[in-house]
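# Chain and residue survey
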Amino acid sequence: MVFLRLFLYCVLLNFSHSESIVLPYEQFSEALGIKIKAPKEVDPEALTAAQSLINKMLRNRPDLAETMRLNKADLAIIPKNFYITSLPDFVCFAGQKDSNGSLFDSFVVRGQGGVVSHPTTATSEENFFRKRPEKLRSDRLLNDGFRCEDIAVHEFAHAIMNLGFSKLEKDQWNEIYLKAKEQNTFPNAFAMKNADEYWAELSQSFFGVNNEINDKDFRSKDPQAYLFLKAVYGQDN
């Protein structure tokens with residue numbers, strides 16, 4: 001009897017995943033050759049904000065933008081009231097957990113950085129309206145723990161590293177991270193998890209949108225990282 005219940009639960013679970021709502025992309029834009037796409041449920045202003053974000057992060061390195069374009073990098077926007085798995089590029093993650101152990105089918109996962117094998121970066125619609133509460137209109141969104149951070153910067157920074165950096169740049173950044181890890185530069189910070197997160201988190205710090213490590217803090221504590229970031233992003237925002 002227990003086995004039968006377990007079997008029926010698994011069947012229903014798989015059925016629910018296969019029947020997940022998938023929203024087709026119906027809005028399109030681009031910035032520096034990198035495509036931006038979103039379902040019709042996304043406010044068009046979010047696509048405009050995404051253009052600004054890409055321009056801000058890549059304006060100093062058009063060569064990175066070109067390499068990313070050649071690697072098929074693009075940016076998809078998750079509608080504020082839907083999971084990341086509602087996007088056509090991410091429905092394949094239904095029923096799975098991310099590297100932090102969070103279910104993709106939840107409001108916990110609101111972004112994902114592009115990698116060579118999956119070059120689409122995802123970020124959420126509400127991320128672009130963090131400072132505009134009239135656009136959010138729900139307790140979940142207004143009290144979102146990510147609201148004071150910029151997840152789009154974080155996830156697109158991952159894409160820049162994964163789809164734009166040369167091997168030399170990756171090696172240089174890895175050396176910077178290993179030195180920071182050895183010195184425990186930012187104790188207990190998520191940035192210390194690995195070189196990828198160190199890059200994405202300090203990218204947020206560089207643009208002043210990181211609650212955990214502020215921009216002044218990281219400049220003084222890891223000046224080598226700051227100079228590397230400045231060489232990529234140009235002048236501080």
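Summary of the structure given here. (Residues numbered from 1 in each chain as written. Predicted model: local features only at pLDDT ≥ 70, side-chain atom pairs only at ≥ 80, totals over all residues. Heavy atoms only, no water.)

What helix H9 (residues 223–233) keeps buried is the set Ala 225, Tyr 226, Phe 228, Leu 229, Val 232 and Tyr 233. Taken around the axis of H9, the buried residues stretch over an arc of 165°, which confines them to a single face. Where H9 terminates, the next one or two residues include Gly 234, which has phi positive at roughly 85°. (Buried < 20%, exposed > 50% of the residue type's maximum accessible area, 1.4 Å probe, protein only. Helix = DSSP H or I, 4+ residues; strand = E, 2+ residues; numbered from the N terminus. Arc of directions from axis to C-beta.)

Scanning the model with the defined rule gives 17 aromatic pairs in all. Where Phe 165 meets Trp 199, the ring centres are 5.0 Å apart and the plane angle is 65°; that geometry is what we call edge-to-face. Here Trp 199 lies in helix H7 (residues 195–206) and Phe 165 lies in the loop between helix H5 (151–164) and helix H6 (167–183), a separation of 34 residues in the sequence. Ring centres of Trp 199 and Phe 228 lie 6.0 Å apart, and the angle between their planes is 85°; on these two criteria the pair is classed as edge-to-face. You can see Trp 199 sitting in helix H7 and its partner Phe 228 sitting in helix H9, a full 29 residues away along the chain. Both residues of the pair, Trp 199 and Phe 228, belong to the buried class. Following the ring pairs from residue to residue traces out a cluster consisting of Phe 165, Trp 173, Tyr 177, Phe 186, Tyr 198, Trp 199, Phe 206, Phe 207, Phe 218, Tyr 226, Phe 228 and Tyr 233. (Phe/Tyr/Trp six-rings, centres within 6.5 Å; stacked < 30°, edge-to-face > 60°.)

With respect to the element layout, Ser 106 can be found in the loop between strand E3 (74–78) and strand E4 (111–112). A residue is classified by how much of its surface remains accessible, and Ser 106, at 14% relative accessible area, is buried. In terms of polar contacts, Ser 106 uses its side chain to reach the backbone amide nitrogen of Val 108, at 3.2 Å. (Polar contact = N/O pair within 3.5 Å; in protein donor to acceptor, adjacent residues only side chain to side chain.)

Glancing now at unusual backbone geometry. Phi angles above zero are rare outside glycine, and Asn 184 is one such case at about 50°. Asn 184 gets classed as partly exposed once you look at its relative accessible area, which sits at 40%. Phi is positive for Asn 188, close to 65°, though the residue is something other than glycine.

Where helix H3 (residues 62–70) meets H5, the closest approach of the two axes is 9 Å, and the angle between their N-to-C directions is 80°. Between H3 and H5, the angle is such that the two are roughly perpendicular. Contacts between H3 and H5 involve Leu 64, Thr 67 and Met 68 from the first element and Phe 156, Ala 159, Ile 160, Leu 163 and Gly 164 from the second. Its residues placed into classes, the contact of H3 with H5 shows 6 nonpolar, 2 polar and no charged. (Axes fitted to C-alpha atoms, helices over the stretch in contact; angles between N-to-C directions. Parallel < 35°, antiparallel > 145°, perpendicular 65-115°, else oblique. Contact = heavy atoms within 4.5 Å. Nonpolar A, V, L, I, M, F, W, Y, C, P; charged D, E, K, R; others polar.)

Here the focus is the environment of Tyr 25. Tracing the sequence through the fold places Tyr 25 in the loop between helix H1 (2–18) and strand E1 (27–31). Residue classification places Tyr 25 among the buried positions, given a relative accessible area of 16%. Along the primary structure Tyr 25 and Lys 40 are separated by 15 residues, whereas in three dimensions their C-alpha atoms are 7.0 Å apart. Residues contacting Tyr 25, with those up to four places away along its chain left out, are Lys 37, Ala 38, Pro 39, Ala 76, Leu 87, Pro 88 and Asp 89. Here Asp 89 takes part through its side chain, which lies 2.6 Å from a polar atom of the side chain of Tyr 25.

Among the 5 residues in E3, 5 count as buried, and that is most of the element. A two-sided burial pattern is seen for E3, the buried positions comprising Asp 74, Ala 76 and Ile 78 on one face and Leu 75 and Ile 77 on the other. When strand E2 (residues 34–38) meets E3, the two strands line up parallel, connected through 3 bridges. Directly across from Ile 36, in E3, lies its bridge partner Leu 75. As defined by bridge partners, E3 adjoins strand E5 (residues 120–124) across 5 bridges and the pair is classed as parallel. Its bridge partner being in E5, Leu 75 is matched across the sheet by Thr 121. (Pairing = 2+ DSSP bridges.)

The quantities given are spatial measurements derived from coordinates; they are silent on function.
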